[in-house]
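# Observations on the three-dimensional arrangement
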Amino acid sequence: MPATNKMTQVKQDATQARLAGMDMPDGSAWATEARSAAATRTLEMGLPHGRDEYWKYTKPDTLVQSGVPAAAVFSSGDVPIWDEVDCLKVVFVDGAFDADASSDLTLEGLEIERLVEATAKDIHWAKDLYGVLEYRGQDAVQRPLASLNTAFATDGVVIRVTGQVSKPVHLVYLHKSETSDVILHHCIKLEDGAEMTLLETGPGAARLNKVMEVDIADTAKFHHVRVQGRDHERRAVTGIFTRLGTESTFKSFTLTMNGVLTRNECVIELTGDNAIAHVAGACVGDGRDFHHDDTVFITHDAVNCESRQVFKKVLRNGATGVFQGKILVKKDAQKTDGYQISQSLLLDDDSQFLAKPELEIYADDVICSHGSTTGAIDEEALFYLRSRGVSVGEATDLLVLAFLAEALEEIEDETLAEGIYERLEGWLARHASL
Amino acid sequence: MLEIKNLHVKLEEKDKQILKGVNLTVEAGKVHAIMGPNGSGKSTLSYVLSGKDGYEVTDGSALLDGEELLDMEAEERAAAGLFLAFQYPVEIPGVGNMTFLRTAVNAQRKARGEDEMTAGEFLKVIRAKAKTLKIDAEMLKRPVNVGFSGGEKKRNEILQMAMLEPKMCILDETDSGLDVDAMKLVAEGVNALRDAGRGFLVITHYQRLLDHIKPDVVHIMADGRIVKTGGPELALEVENNGYADILAEVA
């Protein structure tokens with residue numbers, strides 16, 4: 001962790017006030033130790049403030065403050081996504097585990113438990129993961145909301161994957177209370193050669209702080225597809241912290257629709273040679289009450305690894321999109337192949353996209369490319385479609401989906417990708433262009 | 001079928017008059033060709049008729065089967081039966097050619113109050129039509145015009161025309177960028193669509209396309225007007241003597 005900046009008194013007071021009002025859940029000695037350490041580093045860092053460089057484009061106030069702004073529950077009328085996909089479902093309603101709505105938590109090739117069960121045990125493998133990757137993720141940039149999460153998370157799942165898992169684990173986050181303030185923390189450990197797909201859907205809460213630590217051992221594969229959103233007024237800050245071993249794979253895709261404030265952080269550490277990490281996101285936002293932030297930090301610390309960031313945002317009616325993405329290539333990480341693209345499609349003059357792509361490279365034999373663009377709908381393409389009889393609304397929708405395609409292509413499973421397309425089509429139909 | 005009367009058009013952004021009173025009638029079943037030097041307003045005419053933004057009609061009218069095209073949105077003109085084969089077909093990454101065509105066909109059907117084509121029906125029809133234009137399944141799957149050669153793009157235009165079965169087809173320099181074989185293939189595609197109920201307006205610089213698509217009437221356009229109208233022999237005259245003689249004659 002970098003030396004704490006000279007924190008302003010205001011920030012320090014705010015942080016102390018926030019933490020004072022929170023209860024640390026009970027657990028065994030190792031869990032309490034991990035939580036206390038996280039609480040201490042949260043205090044040392046101070047919770048984010050609008051003047052922090054890392055929060056320049058996204059106002060953290062409502063994520064930090066003690067009271068939760070109410071968030072109305074929105075019903076889109078969509079059928080649940082991936083309804084036909086056979087999976088092990090784990091349901092949280094405003095952060096509380098719902099056993100009746102969840103599947104039986106047994107599945108060949110993995111062990112899955114609730115966080116509260118795991119942290120109650122005196123001896124548990126999660127001891128070596130809980131808060132560990134989050135702490136490593138503080139190395140270059142402070143992420144105090146993630147350490148706040150480690151300190152105070154009330155539940156979550158811990159999953160140890162030992163083999164090939166036959167079906168996805170699907171974490172469903174329902175939002176039913178307009179004032180729910182939820183902190184969830186998941187730990188996922190993939191042993192050598194293991195493979196799993198994790199799905200996440202739903203808004204979660206009026207305010208959700210979610211951290212997921214994913215430790216991927218040699219040759220293991222982790223696939224992650226997430227759909228967040230629906231409720232317009234909900235707020236979320238999420239952090240994925242992952243570490244990849246030799247020849248392992250991490251692939252994550254997130255679709256974000258609606259939400260007054262969403263910050264998705266993804267911190268990836270490539271520590272084994274020949275590992276592959278892809279992180280992608282598509283977001284569609286309509287209105288001034290939409291603010292979406294993707295913040296990614298990828299560290300290459302091994303030879304011949306590949307990383308790929310693909311982020312696409314469609315914004316209109318005053319919506320805001322933010323991208324902060326960094327590739328750090330350490331001195332010995334030769335033959336690194338890093339790619340980063342962030343693009344926005346602004347459907348009117350009111351919307352804005354703020355991007356901060358960064359490369360920091362210390363190795364001398366690497367390929368790293370990055371690009372960021374902001375543009376309007378291609379008028380030539382629009383006219384071409386209309387000249388064939390396609391209405392301006394339908395033509396715009398086609399071009400919006402086409403724009404998002406590069407991000408959606410990162411989803412390997414076709415059925416899962418189709419579900420995402422259907423979701424987007426539903427959203428577009430509700431937000432008719434004209 | 002298509003009746004253009006006294007059409008005056010200027011650029012929206014610059015105060016520049018492009019069309020200065022175009023009069024032209026294309027009858028059903030006939031092929032009319034428009035030839036003319038660069039900058040005479042040929043392409044502008046095709047864009048204005050199909051509804052592209054950026055032009056302001058200051059006077060005149062353009063009727064398709066008695067309906068005023070100029071009052072319609074671009075997509076309404078298409079549904080009314082107008083089709084423009086683009087000089088430069090637009091590349092649309094991310095939209096599959098097949099998806100694009102099915103969306104277009106069904107959008108027009110819907111606009112006309114007809115039943116939409118099922119995926120199965122559509123596939124059957126498009127396969128047959130693509131085959132005659134030597135368009136393979138791979139080309140149908142690729143994103144619209146992306147990575148297509150010049151010839152492939154133009155063949156793709158003709159395929160769209162064949163699928164949409166318009167009443168009135170405008171071909172804007174469809175021969176540009178084509179070698180002789182590709183031009184023949186495109187011309188065959190167009191000729192296959194010639195029909196007593198369909199009109200064609202073929203815009204071209206060169207007579208050679210008209211060897212393959214034989215026009216009934218040839219117009220010479222210069223400085224925003226039709227300056228001379230005649231039979232196919234007029235195209236040959238242009239080929240042999242250029243535009244200078246004709247322009248001098250009408251000046």
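In short, a report on the structure. (Residues numbered from 1 in each chain as written. Chains lettered and ligands numbered in written order. Predicted model: local features only at pLDDT ≥ 70, side-chain atom pairs only at ≥ 80, totals over all residues. Heavy atoms only, no water.)

Looking now at the overall build of chain B. Along its length, chain B carries ten helices and twelve strands. On C-alpha atoms alone, chain B measures out to a radius of gyration of 18 Å, which is about the 18 Å that the 2.2 N^0.38 rule sets for 251 residues. C-alpha atoms of chain B, sized along the principal axes, occupy 55 × 40 × 35 Å. A separation threshold of at least 6 residues defines the contact pool for chain B, and within that pool the share at least 24 residues apart is 69%. For chain B, the exposed surface amounts to about 10900 Å²; the carbon and sulfur share of it is 47%. Placing the 31 positive and 40 negative side-chain charges of chain B at their respective mean positions leaves the two points 5 Å apart. (Helix = DSSP H or I, 4+ residues; strand = E, 2+ residues; numbered from the N terminus. Rg over C-alpha atoms; globule rule 2.2 N^0.38 Å. Contact = heavy atoms within 4.5 Å. Areas by Shrake-Rupley, 256 points an atom, 1.4 Å probe, with all protein chains shown as cover. Lys, Arg positive; Asp, Glu negative; His and termini not counted. Charge placed at Lys NZ, Arg CZ, Asp CG, Glu CD.)

Below, the discussion takes up the overall build of chain A. The number of helices and strands found in chain A is nine helices and 19 strands. A compact globule built from 434 residues would reach a C-alpha radius of gyration of about 22 Å, and chain A, at 21 Å, matches this within 12%. Its C-alpha atoms give chain A principal-axis dimensions of roughly 70 × 50 × 50 Å. In chain A, which comprises 434 residues, the share counted as buried stands at 60%. For chain A, long-range pairs separated by at least 24 residues make up 85% of all intrachain contacts whose partners lie at least 6 apart in sequence. With the model as given, the accessible surface of chain A reaches about 16400 Å², and the carbon-plus-sulfur share is 47%. If you average the places of the 42 positive and of the 69 negative side-chain charges in chain A, the two averages end up 4 Å apart. (Buried < 20%, exposed > 50% of the residue type's maximum accessible area, 1.4 Å probe, protein only.)

A few words on the side chain of A:H223. Residue and element names in this part refer to chain A. In this fold, H223 is placed in strand β9 (residues 221–229). Given a relative accessible area of 12%, H223 falls into the buried group. At a separation of 3.3 Å, a polar atom in the side chain of H223 contacts the side chain of E195. When sequence neighbours within four positions are dropped, the list of residues in contact with H223 reads E195, M196, T197, L198, K251 and E412. (Polar contact = N/O pair within 3.5 Å; in protein donor to acceptor, adjacent residues only side chain to side chain.)

With that out of the way, let us pick up the sheet that holds strand β4 (residues 157–161) of chain A. Residue and element names in this part refer to chain A. Sheet architecture is open: nine strands sit in the order β3-β4-β6-β8-β10-β12-β14-β16-β18, paired in mixed fashion. Looking at strand neighbours, the two that pair on one side only are β3 (110–114) and β18 (352–361), the edges of this open sheet. The mean inter-strand angle of the sheet, taken between neighbouring strand axes irrespective of direction, is 5°. Pairing of strand β14 (residues 291–300) with strand β16 (residues 320–329) involves ten bridges; the strand directions are parallel. Its bridge partner lying in β16, H292 is registered against G321. (Pairing = 2+ DSSP bridges. Axes fitted to C-alpha atoms, helices over the stretch in contact; angles between N-to-C directions.)

Okay, the interface of chain B and chain A next. Contact with chain B, which involves 29 residues of that partner, is made by 16 residues of chain A. Taken together, the connections running from chain B to chain A amount to four salt bridges. Across the pair A:E380 and B:K52 runs a salt bridge whose closest N-O atoms are separated by 3.3 Å. The tally of links from chain B across to chain A stands at eleven residue pairs in polar contact (both at pLDDT 80 or more). Of all elements in the fold, only α1 (42–50), α2 (74–80), β6 (82–85), β7 (92–96), α3 (97–111) and α6 (150–164) of chain B reach the threshold of two or more residues within the side of chain B that touches chain A. If you tally residues by element for the side of chain B that touches chain A, the top one is α3(B), at six residues. Here the side of chain B that touches chain A is composed, by residue class, of 17 nonpolar, eight polar and four charged. (Salt bridge = Lys/Arg side-chain N within 4 Å of Asp/Glu carboxyl O. Nonpolar A, V, L, I, M, F, W, Y, C, P; charged D, E, K, R; others polar.)

As a further point, take the pairing of strand β1 (residues 88–93) of chain A. All names here are of chain A. The buried fraction of β1 is high, at five of six residues. Here β1 pairs with strand β5 (residues 169–174) via six bridges, running parallel. Following the sheet pairing, L88 is matched in β5 by V169. The pairing of β1 with strand β2 (residues 96–97) spans two bridges and is classified as antiparallel. Bridge pairing links F92 to F97 in β2. The turn joining β1 and β2, which pair antiparallel and follow one another in sequence, is formed by two residues; a positive phi near 45° is taken by D94.

Residue and element names in this part refer to chain A. This model, assessed by the stated rule, comprises zero disulfides over all chains. Cysteine C283 remains unbridged, with the sulfur of C266 as its closest cysteine sulfur at 16 Å. In this model C368 remains outside any disulfide bridge; the closest cysteine sulfur is found in C305, 12 Å from its own. (Disulfide = S-S within 2.5 Å.)

What follows concerns a negative patch on the surface. Residues and elements named next belong to chain A. Taken together, the side chains of D83, E84, D413, E414, E418, E422 and E425 present a region of like negative charge at the surface. Looking at the secondary structure, you find E422 in helix α9 (residues 414–430). Given the relative accessible area of 54%, E422 is considered exposed. (Patch = residues over 30% accessible without salt bridge, like charges linked within 9 Å, V, L, I, M, F, W, Y side chains within 5 Å.)

Aromatic ring pairs: the centre-centre distance and the angle between the two ring planes describe each pair. A complete count under the given rule lists eight aromatic pairs over all chains for this structure. Both rings, one in A:F311 and one in A:F323, keep their centres 5.3 Å apart while their planes meet at 40°; by these two values the pair is tilted. Here A:F311, found in strand β15 (residues 306–316), pairs with A:F323, found in strand β16; they are twelve residues apart in sequence, far enough to count as distant. With a relative accessible area of 3%, A:F311 lands in the buried category. Ring geometry for B:Y47 and B:Y55: centres 6.5 Å apart, planes at 20°, overall stacked. By the burial criterion, B:Y47 is buried, and B:Y55 matches it. An aromatic cluster of at least three residues, connected via ring pairs, comprises A:F383, A:Y384, B:F86 and B:F100. A cation over a ring is seen here: A:R263 above A:W55, with NZ or CZ 3.7 Å from the ring centre. When the ring centre of A:F403 is taken as reference, the NZ or CZ atom of A:K312 above it lies at 4.8 Å. (Phe/Tyr/Trp six-rings, centres within 6.5 Å; stacked < 30°, edge-to-face > 60°. Lys NZ or Arg CZ within 6 Å of the ring centre and 35° of its normal.)

Residue and element names in this part refer to chain A. Most of β16 sits out of view: ten of its ten residues are buried. Pairing analysis gives ten bridges linking β16 to β18, with the strands arranged parallel. Each residue of the ladder has a partner; that of G325, found in β18, is P357.

Distances and angles like these do not, on their own, reveal function.
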